[in-house]
Amino acid sequence: MSEAAILAATARQTVVAPERRSLIDEAHPLPTQRFAGGELPRFELYHAPFSICSNKVRLVLAELNQTWLSHEVEIKSPEQENYKPEYVRLRLASDVAKGASLSTDFTGGSSVSVSGFDALVVPTLV
């Protein structure tokens, strides 16, 4: 298993509670079909329901008619799942993070060119 696959599997098991994990497809465009295991779809998205940046990625996946695994990340206190080490490691493993300067503070934004790569923000598309 590749390092990327190990990071993805670890994040899948530890970052988000199973009740906030759904399979999204053409027949189930809303998070009503809980993912019970089995074959993983090509895409997994770690996102916050009210995040504008997350919404942009969800819209593109819908427009492309993709099936994807939804991981609804709780970014507010006390959970702050985006601060879990497994999530941060998953984000830092991306090609974007490897080629960018890292932000030293939480920016809350996903614009790498403005403030550097912030390992704590959502969304993360795997």
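Just above, that's the structure.
Before going into details, it helps to say that this report is about the structure given with it. (Residues numbered from 1 in each chain as written. Predicted model: local features only at pLDDT ≥ 70, side-chain atom pairs only at ≥ 80, totals over all residues. Heavy atoms only, no water.)

Section: the pairing of strand β3 (residues 68–72)
By the criterion of burial, β3 is predominantly enclosed, with five of the five residues buried. Of the two faces of β3, the one lined by Trp68, Ser70 and Glu72 and the one lined by Leu69 and His71 are each fully buried. Where strand β1 (residues 21–24) and β3 come together, four bridges link them in antiparallel fashion. When the sheet's bridge partners are listed, serine 22 is paired in β3 with serine 70. Bridging between strand β2 (residues 43–47) and β3 involves five bridges; their strand directions are parallel. Among the inter-strand pairings, glutamate 44 is bridged to a residue of β3, identified as leucine 69. One crossover worth recording links β2 to the parallel β3 by way of helix α2 (residues 52–63), and it is right-handed. (Buried < 20%, exposed > 50% of the residue type's maximum accessible area, 1.4 Å probe, protein only. Helix = DSSP H or I, 4+ residues; strand = E, 2+ residues; numbered from the N terminus. Pairing = 2+ DSSP bridges. Right-handed = clockwise from strand over helix to strand, strands pointing away.)

Observations regarding the environment of leucine 23
Mapped onto the secondary structure, leucine 23 falls in strand β1. With 14 residues separating them in the primary sequence, leucine 23 and glycine 37 have C-alpha atoms 9.8 Å apart. With near-sequence residues (within four places) excluded, leucine 23 lies in contact with His28, Gln33, Phe35, Pro41, Thr67, Trp68 and Leu69. (Contact = heavy atoms within 4.5 Å.)

Some remarks on the sheet that holds β1
Here we have four strands laid out as an open sheet, ordered β1-β3-β2-β4, and mixed in their pairing. Strands with a single pairing partner mark the edges of an open sheet, and in this sheet they are β1 and β4 (124–125). Lying on the sheet, α2 is in contact with β2, β3 and β4; it crosses β2 at an angle near 155°. (Axes fitted to C-alpha atoms, helices over the stretch in contact; angles between N-to-C directions.)

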